[in-house]
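Chain by chain, the residues run as shown.
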2 protein chains.
Amino acid sequence: MTPNPRKDAYAEAGVDIAAGNEAVSRYKEVTQGWRHPGQLDAIGGFGGLFRIPGEDGRALVASADGVGTKILIAAEMRRYDSVGGDLVNHCVNDILVVNATPLFFLDYFAVGKLEPQVAAEVVRGCFEACRKNNCALLGGETAEMPGLYAPGHFDLAGTIVGIVDTKSVPDPNDVQPGDAIVGLPAHGLNTNGYTLARKLISPEEYHARFDGTTFGDALLAEHPSYYNDVRAIQRVAKVNAMSHITGGGLLENVPRTLPQTVKAVFEQSRWQIPPLFVELCKRGNLQHEERYRTFNMGIGYTLIVPLADAARAIEAVPGAKIVGWIEARRGDEPAVIVHPARPLDTSGSFDTSG
Amino acid sequence: MTPNPRKDAYAEAGVDIAAGNEAVSRYKEVTQGWRHPGQLDAIGGFGGLFRIPGEDGRALVASADGVGTKILIAAEMRRYDSVGGDLVNHCVNDILVVNATPLFFLDYFAVGKLEPQVAAEVVRGCFEACRKNNCALLGGETAEMPGLYAPGHFDLAGTIVGIVDTKSVPDPNDVQPGDAIVGLPAHGLNTNGYTLARKLISPEEYHARFDGTTFGDALLAEHPSYYNDVRAIQRVAKVNAMSHITGGGLLENVPRTLPQTVKAVFEQSRWQIPPLFVELCKRGNLQHEERYRTFNMGIGYTLIVPLADAARAIEAVPGAKIVGWIEARRGDEPAVIVHPARPLDTSGSFDTSG
């Protein structure tokens, strides 16, 4: 019921920031009169928590999401097997932020004209991703709605339910200045920034070569599940907070699970910006803040760990890097600062100081 | 992941029966290679069952659904407060078939251009219905997707999760010839048959008077929650099976929870067909089978009870009626027979023998 702050990130592509914020505040008004006693406070709003009736220790964690306009690229490319994985993995990551283990997922697939082959490819993508995450594909709805969707268009959304021992939900108050921020890599846009990306890369270019593949394939790169990586890090490090870097990027998602007393400081020189982001930022002449608010810029998931555990954490997962630190936050300082890298000669890196 | 058989009911409005059936069979192929050990066999497919980890006795029950093309009428009428209730109640009823008590619901609201006032009305409808069903509105997703939805259009879907003691899930094998079928009333189309209804009643007529209201209001009549009615009946009667009469009508939904050895025989003279159905059937010149496959025809939910309990059951709920019986089924008899009423002089009834 709460729109993800991601909407703000699309401002430059014509999506209305003010409308998104107003919708959020109206939702709060609308729903403030009553609260089910089973509901628990959720941290950061990545997933909603609900106490299992008759139990003290465990809660269900649920999250709903859609694929967004990434599906318009998939539809244009007639590639239907990947969006299911994007969606399932997105949902898995969202509830992972509160340490939940997935139980089951349900999809909602809506089209103007039902093509069974297409529908089966979409569901296959959901199913295979569910299987990899050890999550049941428990049900779903396929809706054929002539008049609502244009020919060839479809929408895909889903809901995941997981389970967590409430004692194991990260407590933002454990986050301390000096903690390290571990970043897990995103090789593509995951599931955010596509309204802008579609403005900057036209369908005519989807089959053109780019960075050893095509623009289309680069744009449709799978949103990975960070489940196994996070579990591997948790085996060797205390994890004080986590964030899934969805719409709103590092700037909006990292603060969702931080206390007000600290800020996250990223050093962009510590990781490589994947070429697709470089290309998009150049084409759109995106300034520093727009870049980090619209795109994940190569970091798909963050974990905040005590500095003493940081080396073990990054050794546990190939590609994991220390990308920044937690510092004390004073007065009206922003909750996230990204220090741009100097112009680098490394292929794929670029000057983000503009 | 399994499309509801409702699609078949829309054949006459241009929705493809064969495509729906083929999608279902392809989904089965796609998903047959693996099954999560927590999944339990679901009865009739109204909701999926998943065992609560570490427990023997209880299962979660989940169902995903959309509002379907009823939303196009709501959008045309600019009435946004009712579709949320339709959706939540639909979901509540679906899991009620396996005797589940709702825990929480999550919505998915997608638009081309986000209007906060509209979004808030839609969410308000979901929230109020959740509250009435004692179900948390635990989360949701609002997606603004320029390019996918036409201006003024939106889609609304949702997922419900409930809980059930697995011993209390109705066992179809308890259904016996001689049992009575108790019907709970639907005053309108609930959430099915709208693709056809929109062909038969044009938007220009939505504000025209009809049956003490307008066509538009009659078409948007709320899909009720049958939760309290069902619980009231269960207090006084054994309930051997239940069905939520969604797309596919009595003909397709009642057999979903019956054993192969019996058939359901409905006597249409035992209940009043609401005027909107009479009007739609006349306009569409719908024949007997089309009527009962496309629309609920005034019965929104059925409960099968031992004959000895039937009188108590209908006394427990105003408007509940005995609408038919269970009989032994032989050879290739259909699973459902609806005996039409003779032409009646009662307002709102009509000859269904055509």
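Residues numbered from 1 in each chain as written. Chains lettered and ligands numbered in written order. Predicted model: local features only at pLDDT ≥ 70, side-chain atom pairs only at ≥ 80, totals over all residues. Heavy atoms only, no water.

*Asks:* Give me the sheet that holds strand β13 (residues 321-328) of chain B: which residues, what numbers.
*Replies:* All names here are of chain B. Taken together, the six strands give an open sheet; going across it, the order is β10-β12-β7-β13-β11-β14, and neighbouring strands pair in mixed fashion. The open sheet is flanked by β10 (241-244) and β14 (336-339), the only strands paired with a single partner. Here the average twist between neighbouring strands, direction ignored, is 25 degrees. One ladder, built from five bridges, connects strand β11 (residues 262-267) with β13; its direction is antiparallel. By the bridge assignment, V265 is partnered in β13 with W325. (Pairing = 2+ DSSP bridges. Helix = DSSP H or I, 4+ residues; strand = E, 2+ residues; numbered from the N terminus. Axes fitted to C-alpha atoms, helices over the stretch in contact; angles between N-to-C directions.)

*Asks:* So what's going on with the relation of the copies chain A and chain B? Residues and values would help.
*Replies:* For these two chains of identical sequence, chain A goes onto chain B by a turn of 180 degrees and a shift of 0.0 Å along the axis, with RMSD 0.0 Å. What the rotation and shift describe, once combined, is the action of a two-fold rotation axis. Most of the interface of chain A is mirrored in chain B, where 100% of its interface residues are also at the interface. (Least-squares fit on C-alpha atoms with pLDDT ≥ 70 in both. Contact = heavy atoms within 4.5 Å.)

*Asks:* A description of the packing of helix α8 (residues 227-236) of chain B against helix α12 (residues 307-316) of chain B should follow, citing residues and the corresponding values.
*Replies:* Residue and element names in this part refer to chain B. Packing of α8 against α12 brings their axes to within 8 Å, and their N-to-C directions diverge by 145 degrees. In this structure, α8 crosses over α12, and the sense of that crossing is right-handed. Judged by residue contacts, A232, I233 and V236 of α8 engage R312, A313 and A316 from α12. By residue class, the composition of the contact of α8 with α12 is five nonpolar, no polar and one charged. (Left-handed = near helix turned anticlockwise from the far one by under 90°. Nonpolar A, V, L, I, M, F, W, Y, C, P; charged D, E, K, R; others polar.)

*Asks:* Explain the environment of B:M145 residue by residue, including any values.
*Replies:* With respect to the element layout, B:M145 can be found in the loop between β5 (136-144) and β6 (154-165). Taking the relative accessible area as the measure of exposure, B:M145 reaches 1% and is therefore buried. Taking the C-alpha atoms as reference points, B:M145 and B:V111, separated by 34 residues in sequence, lie 6.0 Å from one another. The contacts of B:M145, once residues within four sequence positions are left out, are A:G68, A:T69, A:D155, B:Y108, B:A110, B:V111 and B:G112. (Buried < 20%, exposed > 50% of the residue type's maximum accessible area, 1.4 Å probe, protein only.)

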